[in-house]
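# Coordinate inspection notes
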Amino acid sequence: MAKRTILAPVLILLGVYLILNQGGSLGPGTIFANFWPTLFVIPLGLFFHWLYFSMIGRGVGLLVPGGILLTAGVISQIAMLFGNWGTMWPGFILAVAVGLFELYWFGGRNKWLLIPINILTVISLLFFTVMSIGSMLSSMSFIQPFVAIVLIMGGAWLIVGRKRNM
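Every value quoted in this text rests on a predicted model; they were computed, and no experiment measured them. (Residues numbered from 1 in each chain as written. Predicted model: local features only at pLDDT ≥ 70, side-chain atom pairs only at ≥ 80, totals over all residues. Heavy atoms only, no water.)

## Side note on the overall build of the protein chain
Helix and strand counts for the protein chain stand at seven helices and zero strands. Seen along its three principal axes, the alpha-carbon backbone of the protein chain occupies a region of about 80 × 50 × 20 Å. When burial is assessed residue by residue, the protein chain has 23% of its 166 residues classed as buried. In the protein chain, the proportion of contacts linking residues at least 24 apart, taken out of those at least 6 apart, comes to 55%. For the protein chain, the accessible surface area stands at approximately 11500 Å², while carbon and sulfur atoms represent 76% of it. (Helix = DSSP H or I, 4+ residues; strand = E, 2+ residues; numbered from the N terminus. Buried < 20%, exposed > 50% of the residue type's maximum accessible area, 1.4 Å probe, protein only. Contact = heavy atoms within 4.5 Å. Areas by Shrake-Rupley, 256 points an atom, 1.4 Å probe, with all protein chains shown as cover.)

## Comments concerning the UniProt feature "transmembrane region" (unreviewed entry) in the protein chain
The sites that carry the UniProt feature "transmembrane region" (unreviewed entry) are, in the present numbering, residues 31–53, 60–82, 88–106, 113–136 and 142–160. Secondary structure across residues 31–53 comprises 100% helix and 0% strand; the distance between its end C-alpha atoms is 31 Å. Helix and strand shares over residues 60–82 are 87% and 0% respectively, and the end C-alpha atoms of the span are 34 Å apart. (UniProt positions renumbered as here; feature names shortened; annotations may be inferred.)

## Quick notes on the packing of aromatic side chains
With the rule as written, the count across this model stands at ten aromatic pairs. When the centroid spacing of 6.1 Å and the interplanar angle of 55 degrees are considered together, the rings of Tyr-52 and Phe-106 count as tilted. Of the two residues, Tyr-52 is situated in helix H2 (residues 28–56) and Phe-106 in helix H5 (residues 91–106); the sequence distance between them amounts to 54 residues. The buried category is assigned to Tyr-52, whose relative accessible area is 9%. Taking relative accessible area as the criterion, Phe-106 reaches 37% and is therefore assigned partly exposed. Ring centres of Trp-89 and Phe-127 lie 5.1 Å apart, and the angle between their planes is 45 degrees; this geometry places the pair in the tilted category. (Phe/Tyr/Trp six-rings, centres within 6.5 Å; stacked < 30°, edge-to-face > 60°.)

## A look at unusual backbone geometry
Backbone geometry places Arg-109, a non-glycine residue, at a positive phi of 55 degrees. Structurally, Arg-109 can be placed in the loop between H5 and helix H6 (114–139). A relative accessible area of 42% means that Arg-109 is categorised as partly exposed.

## Some words on the nonpolar core
Counting six residues, the largest nonpolar core consists of Phe-48, Leu-51, Tyr-52, Val-60, Leu-62 and Leu-63. At three residues, H2 tops the list of elements feeding residues into this core. (Core = buried A, V, L, I, M, F, W, Y, C linked by side-chain atoms within 4.5 Å.)

## Points about the packing of helix H3 (residues 63–82) against H5
Interhelical geometry of H3 versus H5 gives an angle of 145 degrees and a closest axis separation of 7 Å. H3 and H5 meet at a crossing whose hand is right-handed. Contacts from Leu-63, Val-64, Gly-67, Ile-68, Thr-71, Ala-72, Ile-75 and Ser-76 of H3 reach H5 at Gly-91, Phe-92, Leu-94, Ala-95, Val-96, Val-98, Gly-99, Glu-102, Leu-103 and Phe-106. (Axes fitted to C-alpha atoms, helices over the stretch in contact; angles between N-to-C directions. Left-handed = near helix turned anticlockwise from the far one by under 90°.)

## A few points about the environment of Trp-89
With respect to the secondary-structure elements, Trp-89 resides in the loop between helix H4 (85–88) and H5. Along the primary structure Trp-89 and Ile-68 are separated by 21 residues, whereas in three dimensions their C-alpha atoms are 14 Å apart. If near-sequence neighbours (up to four positions away) are discounted, Trp-89 is found in contact with Phe-127 and Met-131.

## So, the packing of H5 against H6
To characterise two packed helices, one gives the angle between the axes of the helices and the distance between these axes. One way to put it is that H5 packs onto H6 with a least axis distance of 8 Å and a crossing angle of 155 degrees. Comparing the axis directions of H5 and H6 gives the class roughly antiparallel. For the element pair H5 and H6, the recorded crossing hand is left-handed. Judged by residue contacts, Gly-91, Ile-93, Leu-94, Val-96, Ala-97, Leu-100, Phe-101 and Tyr-104 of H5 engage Leu-114, Pro-116, Ile-117, Leu-120, Thr-121, Ile-123, Ser-124, Phe-127 and Phe-128 from H6. Taken together, the residues of the contact of H5 with H6 break down into 14 nonpolar, three polar and no charged. (Parallel < 35°, antiparallel > 145°, perpendicular 65-115°, else oblique. Nonpolar A, V, L, I, M, F, W, Y, C, P; charged D, E, K, R; others polar.)

## Brief notes about H5
In this model, H5 (16 residues) spans 22 Å end to end at C-alpha, consistent with the 22 Å of a helix rising 1.5 Å per residue. Among the residues of H5, those classed as buried are Gly-91, Ala-95, Ala-97, Gly-99, Leu-100, Glu-102 and Tyr-104. (Expected span 1.5 Å × (residues − 1).)

If you want it as structure tokens, here you go:
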């Protein structure tokens, strides 16, 4: 059972990688370079969760690094597969919020933890939004001349409109 649990996601990830990387080289170096979060960071986060849920049960502090590592690993894996580190970096701020939220949820439900959790989540989502919009606009460079013309016309209208009112 444990071999199937480990082998199934590895085979799925390798299959997805082969579909996305058609014609590219495949070797141990390439696998380590592209899947280091799945090989090292995510299992460590899962290990901290396993320690809390099955072994210790009382050390709620294990969930903070577990949540941070698990979320950071998922963010890093997405960024590695799609090459979008410039868009995905706010996920590291969200990782801290996830770790603190696990501490809140499984700990004593200290309401004061909700303040940093909400601040970090809002900042992360704000940066995700800004970076995503910036990424989309930079990929649509054919719109730039139209935006430039609209800005020039708007500035000219402001200048001409002021002179008429004076």
